[in-house]
Amino acid sequence: MMQNKTYIKEIFTSVQGEGPYIGYNQLFIRFSKCNLKCKYCDTDFISNLTQYTPLELFNKIKSVKNIHSISLTGGEPLCDIDFLREFLSLIKENPSNNSFSPKIYLETNGTLYNELEKIISNIDIVSMDVKLNSSSNNGDLYRLHKEFIETAVKNYKEIFLKIVFDENISNEEIEKSIELAQKDNLLIILQPKMNGKELSSSNDIITRVYNDFIKKYPNVRLIPQVHKFLNLR
Ligand code: SF4
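This report concerns the structure included in the present document. Once a new chain begins, its residue numbering starts again from 1 and follows that chain's sequence as written. Side-chain atom pairs in this predicted model are given and counted only at pLDDT of 80 or more, local residue features only at pLDDT of at least 70, and totals for whole chains, interfaces and linings cover all residues. To get the side-chain values, take all heavy atoms of the structure and skip hydrogens and water.

## Examining the packing of aromatic side chains
Put simply, two rings from Phe, Tyr or Trp (the six-membered ring, in Trp's case) pair if the centres are within 6.5 Å, and we call them stacked under 30 degrees between planes, edge-to-face over 60, tilted for the rest. Counting across every chain of the model gives 7 aromatic pairs. Ring centres of Phe12 and Phe28 lie 5.1 Å apart, and the angle between their planes is 10°; this geometry places the pair in the stacked category. Highlighted residues: Phe12 in strand 1 (residues 6–15) and Phe28 in strand 2 (residues 25–31), separated in sequence by 16 residues. For each residue, the accessible area found with a 1.4 Å probe, counting protein chains only, is set against the maximum for its type, and the residue is called buried under 20%, exposed over 50%, and partly exposed in between. For Phe12, a relative accessible area of 8% corresponds to the buried category. On the basis of relative accessible area, Phe28 is assigned to the buried category, the value being 7%. Just above the ring of Tyr142 sits the side chain of Lys176; from NZ or CZ to the centre is 5.0 Å. Secondary structure counts use DSSP, requiring at least four H or I residues in a row for a helix and at least two E residues in a row for a strand, with both numbered from the N terminus. Charge over a ring is defined by NZ of Lys or CZ of Arg lying within 6 Å of the ring centre and within 35 degrees of the ring normal.

## Some points on the pairing of strand 4 (residues 69–73)
Of all 5 residues in strand 4, 5 are buried, a share of seventy percent or more. Across the two faces of strand 4 the burial is the same, with Ser69, Ser71 and Thr73 and Ile70 and Leu72 all buried. What makes two strands pair is DSSP finding at least two bridges between them. In terms of strand pairing, strand 2 meets strand 4 through 5 bridges, oriented parallel. Residue pairing across strands places Leu27 opposite Ile70, the latter belonging to strand 4. As paired strands, strand 4 and strand 5 (residues 103–108) are joined by 4 bridges and run parallel to one another. Looking across to strand 5, one finds that Leu72 is bridged to Leu106.

## Some remarks on the environment of Thr73
Note on placement: Thr73 falls in strand 4. Among the residues examined, Thr73 registers a relative accessible area of 8% and is labelled buried. Distance in space between the C-alpha atoms of Thr73 and Arg30 is 4.8 Å, their sequence separation being 43 residues. Residue contacts follow a heavy-atom distance rule, with two residues in contact if any of their heavy atoms lie within 4.5 Å. Thr73 has contacts with Phe28, Ile29, Arg30, Phe31 and Glu107, leaving out every residue within four places of it along the chain.

Structure (structure tokens):
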């Protein structure tokens, strides 16, 4: 039988620096593939990769203590769906591992909904990016995002939407983002785009965008990337 293997970019514990779980200690597992090409992407998908089977990765992390959750991040973790399915089963379903049962927090670009369906039962929290064409340059991903949200919601999973924006965000993008969230009253996290450790837009622009959202939809929080201010990973 062929073994599932994949390349992992890095494994580390740190403080979650984005969204409503800011400040929680997480074990981050960074996957090394992605199906999109965002123009602001800062992930190096080529160097310093280590190959693991699901069991090898499980054995490596199973003794980690004092974490709130495991963050599956990337890249796009769902590009490694066969590997993930096996890895998550080891964490969630093996009765001999009862002492190690962290929540599973998926950071995703919200496009691979068929893959999500295959592992959703073993995911606890979904942090889904809404990729705006104005800042990420991926074209219109609305239909994929909609299917993705429906997959999480119909499986009764916690999901929130994270929107990285800059001054180029359009009214149409604001309307469509709200449309994605409002059917299920999902929380929208507005995250101003950064250039390194600096905000890429002025305070006036950030405030204008925030107000444009909240006057149409109140379930919105404006939260920058805190780990960059704190010099954390
Ligand atoms: S979805 Fe994330 S990892 Fe993939 S290209 Fe965009 S920013 Fe990079």
